[in-house]
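Chain by chain, the residues run as shown.
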Amino acid sequence: VTESTSLAGVRDALPGVADGVESVVVGGEAVVHSAGRIHHLSAIATTVWECCDGQVTLDELAAELAVAFSADPVRVRADVEAAVAELVEQGLLRSREPGPPAGAATFELLVDPPGSCASCDTAPPWPDVGSFVVGRRVVGVGTSRDLGAALREALLPHSVGGDLAPNGERPYFGVTVAEPTDDRGPRPLHLLHRGADVVVRSRRVDRVLRGLLAHLATCGDLPAMGLVPVEAAVLVRDGRAALVRRPSRPVAFERRAARAGFRVVDAPVALVDPESGEVVVGAPGLDVDVDPLTRFADRRGDADVPAEPVAAPWGRYRIALLGTATQPGPSGVLMTFAPARDGLWADDGALDLLAELASAVPVRRAVAPHDVAAAWTDLRS
Amino acid sequence: VPELASAPRAALDAYDWAGPSTHARLVGFDVELRTTDRALSEYLHELYAPTRVDGRAAHVLSLATLEVDDGVDHVVDLDGRRVLTTPAPSVAFAQLLYEANRQAIDETRGPLLLHASAASRDGLAVLFPAPMGAGKSTLVAALVEHGLAYLTDELVAIDRSSGLVLPYPKFVSLAPVASGVLPRLVPAVPEPVRRFVGDHRLVPPETVRPGAVSGPAEPRLIVTPRYERDAPLRLERLDPAEAVVAIAEQTYHLARDPGSLEAVAGLVERLPTYRMVAGRLDDARDAVLGLLDEVSP
């Protein structure tokens, strides 16, 4: 029993039944439902329960029970107090702790990203975890200490402190910055993790950091920005974009895209502006000062690694083609890019947008980048 | 589940589905089941035969196969929203069945909803509320084979105004251990759909006994069964509070549907409720038949 729920000396009425709690009394015993749990109260607890109507005081109830059971009033009072405290702790009676003030904003703390696995649970903790408010969500990012400091500075308007996740939950994103080596082999890869998935990998840390910002942005309030998330991979060429089904093997896809003359977008969904028919590539909704991240990237010493001509620059790209993984036409578009029912982007308007796009943009059967390249050429001709 | 807008619905209707579509009424969930595999669509058509209705369904639940960069994916969608993507056809099929049942539970508004199997005799129903793995499907299959009428193996819906149990005559889904006890009930799975059906043992009620499906029935008896390997039969009548707890723990949407707890208490007031532990199916079946004789001679 915490101090705040202790009733010692309280002359106020006993707490009433908590919101959303339902009970029945059968055979002299109460059965109580609260938040999906069923509680079976003893006959004595049922007597207490039935008196917790927000009117009867502890002293009144204790005195009445002492008379009814011919028991020591002090002992009865202590028992009633303990029973009430237990009912409060179980959430069946109202707590005396103040709730959030009326009109207080609520935020969803993003934890347990898709792809989490046992190895995530046993991995060593991140040296630094920063929490950032993005739209109505709070997103944790695990990093090294120096990157954590740079990230907080870059995202100062969004930063709300360190690790806010309860029970040791892993942060939603994590960035592994590889240390330079003297090996003569390829330069090591820097990684952006979401749970157990590596969602961006590059030998240049600046690409991974841009990828992090883009991923963070997709956690934001996209409808408020007039953007609709579409479950698609984006291929960019000549200032225009093609949407295709997200690949199951992104590394191979990226390589094939480069061979076919396309750049890819490091984001989990395509952010589409339905008004303009464009894909927005970047970190919309984030107030970012890129200088701290640029300085961090410069210090890593991988500036001599040639810039990868793989990731599309941030900007807006008109959608020129929809590539379906099945028959073309509106139904093929719907089946290829069906929005997930659950998750971050559920019910964000993608279903209606897909129907509109299917009638406004050329649709071809195309899954792999070379399919898109062929369709692209066909469209130009 | 929100109703589909007309454009996405038209797109779904125009898709290249194969085989018959199955319009099923799963208590309060009105759904069309569609797949891109002809044999699987035919299999589903037969599997959901007792629940089939005519006309246009409010919802579309589908299983389709899509080309991906390194093979194919099987996707399960509800009204155009993706529920699952998997390379494994048996995982996709299992999700399709699960989703149909889950939506039957979630989309049925009004009746008291219990996680229970049920059978009837002469219009009087015996209900078996129990958690997964307790043997409620096996028990109801044995009773139906013995001549009782089939109401459901999963979801008991009790209409609050009439007090009747509404039939949800989906296929009986038998656990592997049950199909060892009742091997004669499990029909052979057509070869073309085995990759989808996998280890499921799905038994249409008409396979158990022709004409087995019950109409609405009046609840008369509640038994909470529990299978324990080699356990001798134990049958005990529950006191009212224990009975409410046992049934409330198997009641769906207690929070969503106010008054459900009172409705459970009302059931307990009217119906004798027993706890039954059994290790042999014959013992359990005979015990239930004996109780039925007592309450409805």
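Computed from a predicted model, the values in this text were never measured in an experiment.

Student: A description of the overall build of chain B should follow, citing residues and the corresponding values.
Tutor: Helices and strands together make up the secondary structure of chain B, namely 10 helices and 15 strands. The C-alpha radius of gyration computed for chain B amounts to 20 Å, which stays within 12% of the reference 19 Å derived for 297 residues, consistent with globular compactness. Overall, the C-alpha framework of chain B stretches about 60 × 40 × 30 Å when taken along its three principal axes. When burial is assessed residue by residue, chain B has 57% of its 297 residues classed as buried. In chain B, the share of contacts with a sequence separation of at least 24, taken over all contacts with a separation of at least 6, comes to 68%. Considering chain B, the positive charge centre built from 29 side chains and the negative charge centre built from 41 side chains are found 2 Å apart.

Student: Give me the lowdown on the sheet that holds strand 2 (residues 29-34) of chain A, citing residues and values where you can.
Tutor: Strand order in the open sheet made by the three strands is 1-2-3 (chain A), with antiparallel pairing throughout. Only two strands of the sheet have a single partner each, and these edge strands are strand 1 (22-26) and strand 3 (37-40) of chain A. Geometrically, the sheet is characterised by an average inter-axis angle of 20 degrees between neighbouring strands, direction not taken into account. Of the pairings in the sheet, the one linking strand 2 of chain A to strand 3 of chain A comprises four bridges and is antiparallel in character. Following the sheet pairing, Val31(A) is matched in strand 3 of chain A by His40(A). Set on the sheet, helix 8 (residues 240-248) of chain B makes contact with strand 1, strand 2 and strand 3 of chain A; between it and strand 3 of chain A the angle comes to about 170 degrees. Taken strand by strand, helix 9 (residues 260-270) of chain B contacts strand 1 and strand 2 of chain A, and its axis lies near 20 degrees from that of strand 1 of chain A.

Student: Would you mind going over the pairing of strand 9 (residues 155-158) of chain B in detail, with residue names and values included?
Tutor: All names here are of chain B. Across the two faces of strand 9 the burial is the same, with Leu 155 and Ala 157 and Val 156 and Ile 158 all buried. In this structure, strand 6 (residues 112-121) lies alongside strand 9, joined through four bridges in antiparallel fashion. Each residue of the ladder has a partner; that of Leu 112, found in strand 9, is Ile 158. Inspection of the sheet shows strand 9 paired to strand 10 (residues 165-166) by two bridges, in the antiparallel sense. Across the sheet, residue Ala 157 finds its bridge partner in strand 10, namely Leu 166. The hairpin turn running from strand 9 into strand 10, its antiparallel successor, is six residues long, and Gly 163 in that turn takes a positive phi close to 75 degrees.

Student: Summarise the sheet that holds strand 4 (residues 71-78) of chain B; cite the residues concerned and give the values.
Tutor: Residue and element names in this part refer to chain B. The strand order across the open sheet built from five strands is 1-2-3-4-5, with neighbouring strands paired in mixed fashion. Each edge of the open sheet is held by one strand with a lone partner, namely strand 1 (22-26) and strand 5 (81-86). For this sheet, the mean inter-axis angle between neighbouring strands, taken without regard to orientation, is 25 degrees. Pairing of strand 3 (residues 59-68) with strand 4 involves eight bridges; the strand directions are antiparallel. When the sheet's bridge partners are listed, Leu 61 is paired in strand 4 with Leu 78.

Student: Which residues make up the packing of aromatic side chains, and what are the values?
Tutor: The full count for this structure, using the stated rule, is five aromatic pairs over all chains. Measuring from ring centre to ring centre gives 5.1 Å for Tyr172(A) and Phe173(A), while their planes differ by 85 degrees; the resulting arrangement is edge-to-face. Its guanidinium or amino end placed over the ring of Phe262(A), Arg237(A) lies 4.3 Å from that ring's centre, counting from NZ or CZ. Over the ring of Phe171(B) we find Lys170(B), and its NZ or CZ is 4.5 Å from the ring centre.

Student: Describe the pattern of salt bridges, naming the residues involved and giving the relevant values.
Tutor: Residue and element names in this part refer to chain B. In this structure the tally under the stated criterion is 40 salt bridges over all chains. Between Arg 25 and Asp 30 there is a salt bridge, and its shortest N-O distance comes to 3.2 Å. Residue class for Arg 25 comes out partly exposed when judged on its relative accessible area of 42%. With a shortest N-O distance of 2.8 Å, Arg 275 and Glu 236 are connected by a salt bridge. Here Glu 236 lies in strand 14 (residues 234-237) and Arg 275 lies in strand 15 (residues 273-278), a separation of 39 residues in the sequence. Salt bridges linked by common partners bring Arg 9, Asp 13, Glu 32, Arg 34 and Arg 56 together as one network.

Student: Go over helix 10 (residues 281-295) of chain B with me, naming the residues and quoting the values.
Tutor: The end-to-end C-alpha distance of helix 10 of chain B, which contains 15 residues, comes to 21 Å, matching closely the 21 Å that a straight helix rising 1.5 Å per residue would cover. Those residues of helix 10 of chain B that fall on the buried side of the exposure criterion are Leu281(B), Ala284(B), Arg285(B), Ala287(B), Val288(B), Leu289(B), Leu291(B) and Leu292(B).

Student: I'd like a description of the nonpolar core, backed by residues and values.
Tutor: Residue and element names in this part refer to chain A. Formed by 39 residues in total, the largest nonpolar core has its most connected members in Val 230, Leu 243 and Leu 322. It is helix 10 (residues 350-360) that contributes the most residues to this core, six residues altogether. Excluding residues within four positions of it along the chain, Val 230 makes contact with Leu 243, Val 269, Ala 270, Val 272, Phe 337, Leu 353 and Leu 354. Leu 151, Leu 155, Val 177 and Leu 293 belong to the second largest nonpolar core, which has 36 residues in total.

Student: Run through the pairing of strand 7 (residues 124-129) of chain B, naming residues and quoting values.
Tutor: All names here are of chain B. Across the six residues of strand 7, six count as buried, placing the element largely inside the fold. Side-chain alternation along strand 7 places Leu 124, Val 126 and Phe 128 on one buried face and Ala 125, Leu 127 and Pro 129 on a second face that is also buried. Pairing geometry for strand 6 and strand 7, over six bridges, is antiparallel. By the bridge assignment, Ser 120 is partnered in strand 7 with Ala 125.

Student: Would you mind going over the interface of chain B and chain A in detail, with residue names and values included?
Tutor: Facing the 44 residues of chain B at the interface are 33 residues of chain A. Summed over the shared surface of chain B and chain A, the number is three salt bridges. Note that Asp73(B) and Arg245(A) form a salt bridge whose closest N and O atoms lie 2.7 Å from each other. Counting across the chain B and chain A interface gives 10 residue pairs in polar contact (both at pLDDT 80 or more). Within the residue set of the side of chain B that touches chain A, elements represented by two or more residues are helix 1 (6-13), strand 3, strand 4, strand 5, helix 3 (89-107), helix 8 and helix 9 of chain B.

Student: Which residues make up the environment of Arg94(A), and what values go with them?
Tutor: Residues and elements named next belong to chain A. Summarising the element assignment, Arg 94 is placed in the loop between helix 3 (73-89) and strand 4 (108-110). The exposure class of Arg 94 is partly exposed, given its relative accessible area of 45%. With 78 residues separating them in the primary sequence, Arg 94 and Gly 16 have C-alpha atoms 5.8 Å apart.

Student: Kindly report on the confidence of the model for chain A, identifying the contributing residues and their values.
Tutor: For chain A, per-residue confidence averages 87 on the pLDDT scale, and 93% of positions sit at 70 or higher. Across residues 1-10 of chain A, where pLDDT falls below 50, the model places 19 contacts with residues more than four positions away in sequence or in other chains.

Reading the values: the criteria
- Residues numbered from 1 in each chain as written.
- Chains lettered and ligands numbered in written order.
- Predicted model: local features only at pLDDT ≥ 70, side-chain atom pairs only at ≥ 80, totals over all residues.
- Heavy atoms only, no water.
- Helix = DSSP H or I, 4+ residues; strand = E, 2+ residues; numbered from the N terminus.
- Rg over C-alpha atoms; globule rule 2.2 N^0.38 Å.
- Buried < 20%, exposed > 50% of the residue type's maximum accessible area, 1.4 Å probe, protein only.
- Contact = heavy atoms within 4.5 Å.
- Lys, Arg positive; Asp, Glu negative; His and termini not counted.
- Charge placed at Lys NZ, Arg CZ, Asp CG, Glu CD.
- Pairing = 2+ DSSP bridges.
- Axes fitted to C-alpha atoms, helices over the stretch in contact; angles between N-to-C directions.
- Phe/Tyr/Trp six-rings, centres within 6.5 Å; stacked < 30°, edge-to-face > 60°.
- Lys NZ or Arg CZ within 6 Å of the ring centre and 35° of its normal.
- Salt bridge = Lys/Arg side-chain N within 4 Å of Asp/Glu carboxyl O.
- Expected span 1.5 Å × (residues − 1).
- Core = buried A, V, L, I, M, F, W, Y, C linked by side-chain atoms within 4.5 Å.
- Polar contact = N/O pair within 3.5 Å; in protein donor to acceptor, adjacent residues only side chain to side chain.
- pLDDT = per-residue confidence, 0-100.

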